[in-house]
Amino acid sequence: MPKIKTLRSAAKRLRKTGTGKLVRKKAYASHILTKKTTKRKRKLRKAGLVHKADFKSMKKLVPYL
């Protein structure tokens, strides 16, 4: 069986936790920040986990992570 290529864009955006979950950066934190509240922007700083429903498809993008 040949090796599967890793999708490089996904590899740069995802990290793996010790328990095997995938960590991602939260969306909506890059621009138009003036109308967003300080509380909302602070919550966007933290990393989020990839949802259980999307985990299988994300795992295919980064098979060796």
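Let us look at the structure shown here. Keep in mind that what you see is a predicted model, and the values were worked out from it rather than measured.

Section: the overall build of the chain
Along its length, the chain carries three helices and three strands. Along the chain direction, N to C, the helices and strands of the chain fall in the order α-β-β-α-β-α. In terms of overall size, the chain is more extended than a compact globule, its C-alpha atoms giving a radius of gyration of 15 Å where 65 residues would be expected to give roughly 11 Å. If you line up the chain on its principal axes, its C-alpha atoms span 50 × 25 × 20 Å. Among the 65 residues that make up the chain, the fraction classed as buried is 14%. Summed over its atoms, the accessible surface of the chain is roughly 6,000 Å², and 58% of this surface lies on carbon and sulfur atoms.

Notes on the nonpolar core
Ala10, Leu14, Leu22, Val50 and Val62 together form the largest nonpolar core, which totals five residues. Residues contacting Leu22, with those up to four places away along its chain left out, are Leu14, Arg15, Lys16, Gly48, Leu49, Val50, Phe55, Met58, Lys59 and Leu65.

Some remarks on the environment of Lys5
Looking at the element boundaries, Lys5 is found in the segment before helix 1 (8-13). Taking the C-alpha atoms as reference, Lys5 lies 8.3 Å from Leu61; in sequence the two are 56 residues apart.

Structural notes on the sheet that holds strand 3 (residues 48-49)
Read across the sheet, three strands follow the order 1-2-3 without closing on themselves; strand pairing throughout is antiparallel. Edge positions in the open sheet fall to strand 1 (15-16) and strand 3, since each of these has one partner strand only. Relative to strand 3, strand 2 (residues 22-24) runs antiparallel, the two being bridged by two bridges. Residue pairing for strand 3: Val23 is matched across the bridge by Leu49.

What to know about the side chain of Lys36
Within the secondary structure, Lys36 sits in the loop between strand 2 and helix 2 (38-45). One buried charged residue, Lys36, remains without a salt bridge, the closest side chain of opposite sign being Asp54 at 20 Å. A polar contact is formed between the side chain of Lys36 and the backbone oxygen of Tyr28, at a distance of 2.9 Å. Here His31 takes part through its backbone oxygen, which lies 3.2 Å from a polar atom of the side chain of Lys36. Not counting residues up to four positions away in its chain, the partners in contact with Lys36 are Tyr28, His31 and Lys41.

The rules behind the values
The numbers attached to residues start from 1 for each chain and follow its sequence in the written order. Whole-chain, interface and lining totals are the exception, using all residues; otherwise, since this is a predicted model, local features are given only for residues with pLDDT of at least 70 and side-chain atom pairs are given and counted only at 80 or more. As a rule here, side-chain values cover all heavy atoms of the structure and leave hydrogens and water aside. Runs of E in the DSSP output that reach at least two residues are strands. Runs of H or I that reach at least four are helices, and both are numbered from the N terminus. Values of the radius of gyration come from C-alpha atoms, whereas the globule rule sets the reference at 2.2 Å times the count of residues to the power 0.38. Burial classes: relative accessible area under 20% of the type maximum marks a residue as buried, over 50% as exposed, and values in between as partly exposed (1.4 Å probe, protein chains only). Method for areas: the Shrake-Rupley scheme with a 1.4 Å probe, in which residue coverage is limited to the protein chains shown. Nonpolar cores were defined as sets of buried Ala, Val, Leu, Ile, Met, Phe, Trp, Tyr and Cys residues, with membership established by side-chain atoms within 4.5 Å. The contact definition used throughout considers only heavy atoms, calling two residues in contact when any of these lie within 4.5 Å. Two strands pair under a simple rule: DSSP has to find at least two bridges between them. The charged-residue count follows a simple rule in which Lys and Arg add positive charge and Asp and Glu add negative charge, with His and chain termini not counted at all. Should a side-chain nitrogen of Lys or Arg be within 4 Å of a carboxyl oxygen of Asp or Glu, the pair is scored as a salt bridge. As used in this structure description, the phrase polar contact means that two N or O atoms lie within 3.5 Å; if the pair is within protein, one of them must be able to donate a hydrogen and the other to accept it, and residues adjacent in sequence are counted only when both atoms belong to side chains.

Everything listed here is a matter of geometry and, on its own, says nothing about what the molecule does.
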